[in-house]
Amino acid sequence: MGFYVYNRLEIIGRERLPAVPCPVVVASNHCSNLDPLLVGSVFPWKLRYLAKRSLFEVPVLGRMIEALGAIPVVREDQMGAGAVLKMLLGELRQGSSVLVFPEGTRSVDGRLGPLEGGSAFLAAKANVPLVPVHVSGTFKAFPRGSSFPRPSKIRVRFGDPIDPRGYEPGARVRERLLEELETALKAFEKEAAADG
């Protein structure tokens, strides 16, 4: 509720998502620490994602991210990419949906950075749709180093799910998924820039 009032949150394209809960990989750009909370709170069913264990110790925030499906880890970057992917793949195989940030880190300038292949790997390996999501406004609302969010307009855009089952077997599925994801996120970034 707070995002809707304080940040005039607008959600675009949620009707593109599957009508019933099913495992998907949600791949979002990442400009702010608000992004996991936002995407997790506006997605129609629970998402599993990794969060630093120390965040669970922050009184209100800890309860919020736990309720939204966060999985505590000591430090994601100390686990290694293979361990992270294995953990998230296990969640998908158990029927959960997962949230990943394919840039690997928060943007330093609010623009989309190069994408890593983990989200496409997960979607291809688990044979589940990859859902592009673009969040705009969080870089202004809560940039690195901020201690409290500003009342900046925020938009969350959902793209059409990219289904790995639509490709011929052996057709470089991971590479094709990553290319389609990048195309969708760049198109959303242009839309967001045009919105102002």
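Above this text you will find the structure in question.
**Student:** Could you give me a rundown of the nonpolar core, with the residues and numbers involved?
**Tutor:** In terms of nonpolar packing, the biggest core is built from 28 residues, with Val26, Leu38, Phe43, Val133, Val156 and Phe158 touching the most fellow members. When residues of this core are traced back to their parent elements, those giving at least two are helix H2 (35–42), strand S3 (47–52), strand S6 (130–136) and strand S7 (155–158). When near neighbours in sequence (up to four residues on either side) are disregarded, Leu38 contacts Phe3, Leu9, Val135, Thr138, Ile154 and Val156. Counting 25 residues, the second-largest nonpolar core is a separate cluster that includes Val73, Leu89, Leu130 and Val173.

**Student:** Outline the packing of helix H5 (residues 81–93) against helix H6 (residues 118–126), supporting the account with residue identities and numerical values.
**Tutor:** The contact between H5 and H6 brings their axes to 10 Å, and the two run at 40°. Classified by the interaxial angle, the pair formed by H5 and H6 is oblique. H5 and H6 meet at a crossing whose hand is right-handed. Along its contact with H5, which presents Leu85, Leu88, Leu89, Leu92 and Arg93, the element H6 presents Gly118, Phe121, Leu122, Lys125 and Ala126. Residues belonging to the contact of H5 with H6 are distributed by class as follows: seven nonpolar, one polar and two charged.

**Student:** Tell me about the pattern of salt bridges, and please be specific about residues and values.
**Tutor:** Side chains bearing opposite charge may pair, as long as their charged atoms lie close to each other. Applying the stated criterion across every chain yields a total of 11 salt bridges. Glu10 is the salt-bridge partner of Lys153, the closest N and O atoms lying 3.6 Å from each other. With a gap of 143 residues between them, Lys153 in the loop between helix H7 (138–141) and S7 and Glu10 in strand S1 (residues 10–12) connect regions that are remote in the sequence. Lys153 sits in the partly exposed class, given a relative accessible area of 25%. The shortest N-O distance in the salt bridge between Arg157 and Asp195 comes to 2.1 Å.

Here is what the cut-offs are and how they apply
Residues numbered from 1 in each chain as written. Predicted model: local features only at pLDDT ≥ 70, side-chain atom pairs only at ≥ 80, totals over all residues. Heavy atoms only, no water. Core = buried A, V, L, I, M, F, W, Y, C linked by side-chain atoms within 4.5 Å. Buried < 20%, exposed > 50% of the residue type's maximum accessible area, 1.4 Å probe, protein only. Helix = DSSP H or I, 4+ residues; strand = E, 2+ residues; numbered from the N terminus. Contact = heavy atoms within 4.5 Å. Axes fitted to C-alpha atoms, helices over the stretch in contact; angles between N-to-C directions. Parallel < 35°, antiparallel > 145°, perpendicular 65-115°, else oblique. Left-handed = near helix turned anticlockwise from the far one by under 90°. Nonpolar A, V, L, I, M, F, W, Y, C, P; charged D, E, K, R; others polar. Salt bridge = Lys/Arg side-chain N within 4 Å of Asp/Glu carboxyl O.

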